[in-house]
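Commentary on secondary and tertiary structure
Here is what each chain is made of, one letter per residue.
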Amino acid sequence: MKLVTAIIKPFKLDDVRESLTPLGIQGLTVSEVKGFGRQKGQTEIYRGAEYHVSFLPKVKIEIAVSDDIVDQVVDVILQSAHTGKIGDGKIFVSSLDSVIRIRTREMGEDAL
Ligand SMILES: Nc1ncnc2c1ncn2[C@@H]1O[C@H](COP(=O)(O)OP(=O)(O)OP(=O)(O)O)[C@@H](O)[C@H]1O
Ligand SMILES: [Mg+2]
């Protein structure tokens, strides 16, 4: 199993969610987060004054998936979250040792 963590532009959340539907994802977690990439945040003009914004708002999506669909999950996120502008985000894929459904104590892929 793998944990796919995608940091995306907030306005892309609905597109990404819809793109995942055909893959039969059983669940996912969404969080509002802040961060910066290699541009180190941006300078923004607000009411005539220039503010340095160190951390820009992003959305984090976490999806635990079986190994056989991880490539498809990454692929649809790459397409649906893409604008081509800086700050489009990143996808991190990590190994997932165990998953347990609390209600039933099912484990592993049965618990996804
Ligand atoms: N190395 C990293 N580790 C953890 N989070 C990161 C990392 N790089 C980027 N992020 C997260 O992803 C968000 C978007 O990053 P961003 O797309 O700006 O990356 P980038 O490397 O600067 O690419 P680009 O040049 O396309 O902007 C950041 O605001 C941050 O939340
Ligand atoms: Mg960036």
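All figures in this text were calculated on a predicted structure; none of them were measured in a lab. Every chain is numbered independently, its residues counted from 1 as its sequence is written. Lettering for chains starts from A, numbering for ligands starts from 1, and both go in the order in which the items are written. For a predicted model such as this one, the threshold for reporting local features is a pLDDT of at least 70, and the threshold for listing and counting side-chain atom pairs is 80 or more; totals across whole chains, interfaces and linings nevertheless cover every residue. Hydrogens and waters are ignored; side-chain quantities use all the structure's heavy atoms.

1. Comments concerning the overall build of the protein chain
Only runs of H or I of at least four residues qualify as helices and only runs of E of at least two qualify as strands under DSSP, and these elements are numbered from the N terminus. If you tally the helices and strands in the protein chain, you get two helices and six strands. Secondary structure elements of the protein chain occur, N-terminal to C-terminal, as β-α-β-β-β-β-α-β. The C-alpha radius of gyration computed for the protein chain amounts to 17 Å, which surpasses the reference 13 Å derived for 112 residues by more than 25%, pointing to a less compact arrangement than a globule. Taking all 112 residues of the protein chain together, 29% fall into the buried category. Here the globule rule is a power law, 2.2 Å times the number of residues to the power 0.38, and the radius of gyration is based on C-alpha atoms. Between buried and exposed lies partly exposed: a residue is buried under 20% and exposed over 50% of the maximum accessible area for its type, with that area taken using a 1.4 Å probe on protein chains only.

2. Considerations on the sheet that holds strand 2 (residues 29-35)
Strands are labelled as partners when DSSP assigns at least two bridges between them. Strands sit in the order 2-5-1-6 across an open sheet of four strands; the sheet is antiparallel. Two strands close off the open sheet at either side, each with one partner strand: strand 2 and strand 6 (89-95). In this sheet, adjacent strand axes meet at a mean angle of 20° when their direction is disregarded. Pairing of strand 1 (residues 2-8) with strand 6 involves seven bridges; the strand directions are antiparallel. Counted as the bridge partner of Val-4 is Val-93 from strand 6. Each of strand 1, strand 2 and strand 5 (56-65) touches helix 1 (residues 13-20); the most contacted strand, strand 5, lies at about 15° to it. Axis lines are fitted to C-alpha atoms, over the contacting stretch for helices. Their N-to-C directions set the angle, which ranges from 0 to 180 degrees. Should any heavy atoms of two residues lie within 4.5 Å, those residues are considered in contact.

3. Digging into the site of ligand 1
Within the structure, ligand 1 sits among 13 residues, and Gly-35, Arg-38, Gly-87, Gly-89 and Lys-90 are positioned closest to it. Here Gly-87 contributes a backbone N or O atom positioned 2.7 Å from an oxygen atom of ligand 1. Under this definition, polar contacts are N or O atom pairs within 3.5 Å; protein pairs additionally need one hydrogen-donor-capable and one acceptor-capable atom, and for neighbouring residues in sequence, both atoms have to be side-chain atoms. The contact in question runs from an oxygen atom of ligand 1 to an N or O atom on the backbone of Gly-89, over 2.7 Å. Calculation of accessible area relied on Shrake-Rupley with a 1.4 Å probe; when residues are assessed, cover is drawn exclusively from the protein chains displayed. Relative to its free-state accessible area of 610 Å², ligand 1 is covered by the protein chains to the extent of 71%. By convention in these notes, a residue is near a molecule or strand provided one of its non-hydrogen atoms lies within 4 Å of it.

4. A word on helix 2 (residues 70-80)
Taken residue by residue, helix 2 has Val-70, Val-73, Val-74, Val-76, Ile-77 and Ser-80 as its buried positions. Here the buried residues of helix 2 occupy an arc of 165° about the axis, which is enough to place them on one side. In helix 2, the exposed positions angled more than 90 degrees off the buried face are occupied by Asp-71, Leu-78 and Gln-79. Turning to helix 2, the residues buried within the fold contact strand 1, helix 1, strand 5 and strand 6. This arc corresponds to the set of directions leading from the helix axis out to the C-beta atoms.

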